[in-house]
Amino acid sequence: MKKYILFFFFSVAILHSNDTKNTEQTTIQDLVKEINILKKEVKTLKITQENNLNEIEEISDFTESIEANSLKDKINFSLGFKTNLDNFSKKYADGTKVQNSNIWSNKLMLNMKADISENMNFYGRLSMYKYWGSSIIHPYTYYDNMQGRVPSDSAMYIERAYINWFFNKGTYLPMALTIGRQPSSDGPSNQFKDNTSRKGTYSALLYDGAADGIVLTTNISKLIHNEKSYLRIGYSKGFGYSETAQDIGNAFVGASNNDIKDTNVVGIFLDTTVPNVKNTLVQISYSHMDDIVANPLENNSSRNTNIGSLDLYGAMFEATNFLNTHLDLFAQLGLSIAHPNGNSYANYGGLLSAPNDTSDKKAYSLWVGTRYGFGEKQKYKIGFEYNHGSKNWINLTQGSFDIYNKLATRGSAYETYLMYVINRHSNIRLGYVNINYDYTRSGWFVGESKKITSTMIGSDRVVENLQSIYLKMNVHF
Amino acid sequence: MQEMKKIILLFIFIPFLNASDSNVIALAQSLNLSAGSKAIVQWERVFKSKKKMKRYKINTLSPIEKIELEEYLIEHAIDSDQPTIAGV
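Computed from a predicted model, the values in this text were never measured in an experiment. (Residues numbered from 1 in each chain as written. Chains lettered and ligands numbered in written order. Predicted model: local features only at pLDDT ≥ 70, side-chain atom pairs only at ≥ 80, totals over all residues.)

### Remarks on the overall build of chain A
Formally: By definition, any uninterrupted DSSP run of H or I lasting at least four residues is a helix, any uninterrupted run of E lasting at least two residues is a strand, and each is numbered from the N terminus. Using C-beta atoms placed from the backbone, we call a residue buried if 20 or more other C-beta atoms fall within 10 Å of its own, exposed if 12 or fewer do, and partly exposed for counts in between. Contact between two residues is assigned when their C-beta atoms, built from the backbone, lie within 7 Å.
Helix and strand counts for chain A come out as three helices and 16 strands. Its C-alpha atoms give chain A principal-axis dimensions of about 160 × 55 × 50 Å. Residues classed as buried in chain A amount to 34% of the 477 residues present. Contacts spanning at least 24 positions in sequence make up 58% of the contacts within chain A whose residues lie at least 6 apart.

See the structure below:
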């Protein structure tokens, strides 16, 4: 009996063992299958990854080539292009009238920018400004501050070329030195008429033209807790005199000229904004010009001379899109105090004075304007400007873009215009300017300014009224 | 006197009517958006694409914020018309 029982248990054990073996074999086979599937998937993934890596490498090579090309383009150019049609009519004090219409001109500006390093950049502007059908070099082109600023020949003049060197970055008082031919033209509030952003540092009522110099800009925004606040101290050469006969002049390093000194200009300028009001600019300035050269182009030192000095004060405010009303506003005030030294140039007289007159000549000028945008996306803009300068008003706008130097007027000037914005980069403007001169020699440093009367005839004949209807196209890209 | 009062009131309310640039700058910074990182057309593309707006989290902004941000980014894009001022 024991034998049978043992046999039974033994048989059951063997059978159970065989069942387990079969189950294990099945599981292993399944696992092998799964492993094979996974292997295949991994292989596929590897192939895909390799392909992706190859593609990434190709893209990387491509982006590197783009980056290399971008880095190779050390100077970036942008375009400014103006076409003007002016129609002038002048009325002289003696009543005679002269028409000068259908005057076409072009101004080409090639603006340059280079990011030299994180702390240094370069800006430049090459300009050609000429009348249609004429390449005669305008005599004023020889004045340093008017190069590229007055219509002349088809040559390109260097209107701007300067380095900005930033230091103290990230500190409480970041600073920058601007060295070279400065952004001293087309300043505020001329940008409204051109429909561009601010294109110059200084108030256009006081300064407009090319100028070589050095400017220290200190960002005082954190100091006075007001954004976009800058304090600038600048030095510039107004007129560097060169005596052609000896081919030397004190504009040249190491040379000196005891008879005629260079005109040096120093100035201090504060830029700030109205707190919590978007897109505003407030600028307050003072500058001093010493040893003003009577005529920088006169190479006869026995005839040429220094005629005195000038103090120029300015205060301006402007608001773009004031209170989101699409209305732009500006108001500027200038004060000039000339100090003639009694020297005279030829028969013209001294600094804003008659020969031997050394009394100070104080004057002021006011410039106000507005522009309103209307229509879809403010494609149309209407603008109005008015400026009034008193007797003896003098500024440094001899290089202004408008050929009549409107802001130097000793009298009153009105300008109104209608602008159509073609696209983000271009516009066309139809305008009318009317200038009534009250005193003579607007914009001239030399000679006494006199009240214009109808008795000013013959060689004394002066323009009493100037009007222009103009059409201008402005492209900046 | 009445005119004077109006002028004073206008200046008191200006800050509430017209926010300064710093608000939109802060908004751009909070979204890690640098205006100078893209050209005008590229920013325009961002604001035309729902997918891209979502990517930059612009879709979470209010319509006014979106408009202000778009204006700011386009105005300060790398190829935009930048002011030319000494030392800035």
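Additional details are given in the paragraphs that follow.
### Topic: the overall build of chain B
Each helix and strand counted, chain B has five helices and zero strands in total. Looking at chain B as a whole, 11% of its 88 residues are labelled buried. Relative to all contacts within chain B whose residues are 6 or more apart in sequence, the contacts with residues 24 or more apart total 71%.

### Here's the deal with the nonpolar core
Residues and elements named next belong to chain A. This is how the line gets drawn: Under the definition applied here, buried Ala, Val, Leu, Ile, Met, Phe, Trp, Tyr and Cys residues are grouped into a nonpolar core through C-beta atoms within 7 Å.
Counting residues in each nonpolar core, the largest one holds 28 residues, and the members touching the most others are L206, I292, L310, L351 and I394. Secondary structure elements with two or more residues in this core: β8 (263-272), β10 (308-319) and β12 (361-374). Beyond its immediate sequence surroundings of up to four residues, I394 is in contact with L310, S336, A338, L352, A363 and F445. Judged by nonpolar contacts, the second largest core, of seven residues, contains V433, I435, Y439 and I452.

### Considerations on the domain arrangement of chain A
Spelled out, the test is: The domain boundaries here were taken from an automatic or database domain assignment.
By domain assignment, chain A separates into domain 1 (1-73) and domain 2 (77-476). The gap between the C-alpha centroids of domain 1 of chain A and domain 2 of chain A is 80 Å.

### Observations concerning the pairing of strand β1 (residues 76-92) of chain A
All names here are of chain A. Put simply, the test is: Think of it this way: DSSP has to see at least two bridges between two strands before they count as a pair.
Two strands pair when backbone bridges link them, and β1 and strand β2 (residues 97-117) are joined in this way by 15 bridges, in the antiparallel orientation. Residue S89 lies in a different strand from β2, and its bridge partner there is Q99. Taking the residues that link successive antiparallel strands as the turn, the β1-β2 hairpin has four residues, and the phi of G95 there is positive, at about 100°. Two strands pair when backbone bridges link them, and β1 and strand β16 (residues 463-476) are joined in this way by 13 bridges, in the antiparallel orientation. Bridging from a neighbouring strand, S89 pairs with Q467 of β16.

### Comments concerning the interface of chain A and chain B
How we decide: All residues other than Ala, Val, Leu, Ile, Met, Phe, Trp, Tyr, Cys, Pro, Asp, Glu, Lys and Arg, Gly among them, are scored as polar; the first ten of these are nonpolar and the last four charged.
Listed per partner, the contact involves 23 residues of chain A and 16 residues of chain B. If you list the elements that add at least two residues to the side of chain A that touches chain B, you get β5 (175-181), β6 (212-219) and β7 (230-239) of chain A. Grouping the constituent residues of the side of chain A that touches chain B by class yields seven nonpolar, 11 polar and five charged.

### Some words on unusual backbone geometry
Residue and element names in this part refer to chain A. Put simply, P188 and S189 share a cis peptide bond, and its omega is 10°. Residue position: S189 is located in the loop between β5 and α2 (191-194). We note that N279 has phi near 55°; this positive angle belongs to a residue other than glycine. What makes N279 partly exposed here is the crowd of 17 C-beta atoms within 10 Å. Residues other than glycine seldom take positive phi values, yet N405 does so here, at roughly 45°. Residue placement: N405 occurs in the loop between β13 (380-389) and β14 (411-423).

### What to know about the confidence of the model for chain A
Which entries qualify depends on this criterion: Confidence of the prediction at every residue is given by pLDDT, a number between 0 and 100.
Averaged over chain A, the pLDDT score is 90; the fraction of residues at 70 or greater is 91%. Contacts for the low-pLDDT stretch residues 244-256 of chain A, under 50 throughout, to residues beyond four places or in other chains number 20 contacts.

### Regarding the environment of A:S442
Residues and elements named next belong to chain A. Topologically, S442 is positioned in the loop between β15 (426-437) and β16. On the basis of neighbour count, S442 is assigned to the buried category, with 23 C-beta atoms found within 10 Å. The sequence separation of S442 and N405 amounts to 37 residues, and the corresponding C-alpha distance is 8.7 Å. The residues contacting S442, other than those within four sequence positions of it, are A408, T409, R410 and Y437.

### Details of the environment of A:Y142
Residue placement: A:Y142 occurs in the loop between β3 (120-131) and β4 (157-167). Through-space distance from the C-alpha of A:Y142 to that of A:F322 is 41 Å; in sequence the pair is 180 residues apart.

### Observations regarding the pairing of strand β11 (residues 327-340) of chain A
Residues and elements named next belong to chain A. Both β10 and β11 contribute to a ladder of 12 bridges, which runs antiparallel. Counterpart to M316 in the pairing with β11 is Q332. The sheet contact formed by β11 and β12 spans 12 bridges and is antiparallel. Along β12, the bridge assignment pairs F330 with G369.

### A look at the packing of helix α3 (residues 40-48) of chain B against helix α5 (residues 63-75) of chain B
All names here are of chain B. Threshold: Angles here are taken between N-to-C directions and fall from 0 to 180 degrees, while the axes themselves are lines fitted to C-alpha atoms, restricted in helices to the stretch in contact. Under this scheme an angle from 65 to 115 degrees is roughly perpendicular, one under 35 degrees roughly parallel, and one over 145 degrees roughly antiparallel; angles in between are oblique. When the near helix sits turned anticlockwise from the far one by under a right angle, the crossing is termed left-handed; a clockwise turn instead gives a right-handed crossing.
Where α3 contacts α5, the two axes come as close as 9 Å, and the packing angle between them is 160°. Accordingly, the angle class assigned to the pair α3 and α5 is roughly antiparallel. Pair α3 / α5 crosses with right-handed handedness. Taken together, the residues of α5 that come into contact with α3 (itself represented by I40, W43, E44 and F47) are E70, L73 and I74.

### Notes on the environment of A:T63
Within the secondary structure, A:T63 sits in helix α1 (residues 2-72). For the pair A:T63 and A:N436, spaced 373 residues apart in sequence, the C-alpha separation works out to 61 Å.

### Examining the confidence of the model for chain B
Residue and element names in this part refer to chain B. When pLDDT is averaged along chain B, the result is 82, and 76% of the positions lie at 70 or above. Ignoring residues within four places in sequence, the model shows residues 10-19, a span with pLDDT below 50, making 10 contacts including any to other chains. Scoring of the predicted complex yields 0.84 for pTM and 0.78 for ipTM.

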